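Spelled out from the first residue to the last, the chains are:
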Amino acid sequence: MVTPTLLILAAGMGSRYGGLKLADPVGPGGEGILDYSIYDARRAGFGRFVFVIRREIEQPFHQMVCERFGKKLAVEYVYQELGKLPSRFPVPAGRSKPWGSTHAVLMASGTIREPFAVINVDDFYGAESYRMLARHLTSESTDYAMVGYVLRNTLSDFGSVPRGVCQVSSRGYLENILELKNIERHGGHAISIDAAGEETKLPGDSVVSMNMWGFTPHVFEQLREQFERYLKENGSDPKAECYLPITVNELLMSGKAQIKVLRTSDSWFGVTYPEDHSRAEEKIRHLIEGGYYPKSLW
């Protein structure tokens, strides 16, 4: 049986929260969110861990990973750089913004040859999610997979958040992802507020994507084709980014992919706002008290 790999998108670390989030402890032993992701993934059966990072954070990132995991993990690094583009596409003058998460995943195309999962480095996904994804990736299915979360289990209490709201078929396959911004908790449901100030009510049990995917290596060829198309249309825009959920949705809409939705009752959490940090500590403490994690992971 093939052992799946976990691809961890970490190139954005340090740019959103004022520092490397890996160094921001949420566990009683100084563990960060990534520690719990690695712990859950290893127990689920993931055998190799590939990090997508930027050259600017290479030294401190390597040091943190080494200090935490030492030789416990089979770790590799790939680098997201502006100039790593198909040969006929130059980097436009003045461009400094990364090309987005589709480009980040493509950085691993020369490294990964087996079924793999994709996660964000600073998001907590829950042990059940890794177990379901590992089972799918070792099932020899050619379908891709997405872990589907319950919307109410993914919202922040401290501000609005963007979410990919999913339509799922009766057979459990993804039909469409609608990217919505400015979603806020509102009693037992949620509301999304668009640029014009119009409110859309969303059921609290809506299925949402939190960028936790399962793929076969065939996806690299498909993502490359979509990314080249994106560059043709948007490459001159210095702020444009090609996001993985949108690219995957395009593959879905064109009939090039089937995506099994693996529904989980796990609560997702991240540190979107500084105030979210104390809430993350509280949730980890409850999980430890419930016996889901030991007091010290390593």
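If you're wondering where the values come from, they're calculated on a predicted model, not measured in any experiment.

Enquirer: Any chance you could explain helix α1 (residues 33-44) here in plain terms?
Expert: Given 3.6 residues per turn, any residue in an α-helix points the same way as the ones three and four places further on. An ideal rise of 1.5 Å per residue puts 16 Å on twelve residues; α1 measures up with 17 Å between its terminal C-alpha atoms. Most of α1 sits out of view: ten of its twelve residues are buried. Buried within α1 are the following residues: I33, L34, D35, Y36, S37, I38, Y39, D40, A41 and A44.

Enquirer: Looking at this model, I keep getting lost on the packing of aromatic side chains. Mind explaining?
Expert: Aromatic ring pairs are described here by two measures, namely the spacing of the ring centres and the angle between the planes. Scanning the entire structure with this criterion turns up 17 aromatic pairs. The interplanar angle of 5° and the centroid separation of 5.1 Å between the aromatic rings of F116 and F220 together place this pair among those described as stacked. Of the two residues, F116 is situated in strand β4 (residues 116-120) and F220 in helix α5 (residues 219-234); the sequence distance between them amounts to 104 residues. The class of F116 is buried, set by a relative accessible area of 0%. Members of the aromatic cluster, connected to one another through ring pairs, are Y36, Y39, F69, F124, F269, Y293 and W298. Over the aromatic face of W99 sits the side chain of R95, whose NZ or CZ is 3.9 Å from the ring centroid. The ring of W268 is capped by R163, whose NZ or CZ atom sits 4.7 Å from the centre of that ring.

Enquirer: Help me out: how do you make sense of the pattern of salt bridges in this one?
Expert: It is possible for side chains of opposite charge to pair when their charged atoms get near one another. Under the definition given, this model contains 13 salt bridges. For R88, the salt bridge goes to E228, with nearest N and O atoms at 2.9 Å. Here E228 lies in helix α5 and R88 lies in the loop between β3 (75-79) and α3 (101-106), a separation of 140 residues in the sequence. One continuous salt-bridge network, built from bridges that share partners, spans R55, E58, E81 and K84.

Cut-offs and rules
- Residues numbered from 1 in each chain as written.
- Predicted model: local features only at pLDDT ≥ 70, side-chain atom pairs only at ≥ 80, totals over all residues.
- Heavy atoms only, no water.
- Helix = DSSP H or I, 4+ residues; strand = E, 2+ residues; numbered from the N terminus.
- Expected span 1.5 Å × (residues − 1).
- Buried < 20%, exposed > 50% of the residue type's maximum accessible area, 1.4 Å probe, protein only.
- Phe/Tyr/Trp six-rings, centres within 6.5 Å; stacked < 30°, edge-to-face > 60°.
- Lys NZ or Arg CZ within 6 Å of the ring centre and 35° of its normal.
- Salt bridge = Lys/Arg side-chain N within 4 Å of Asp/Glu carboxyl O.

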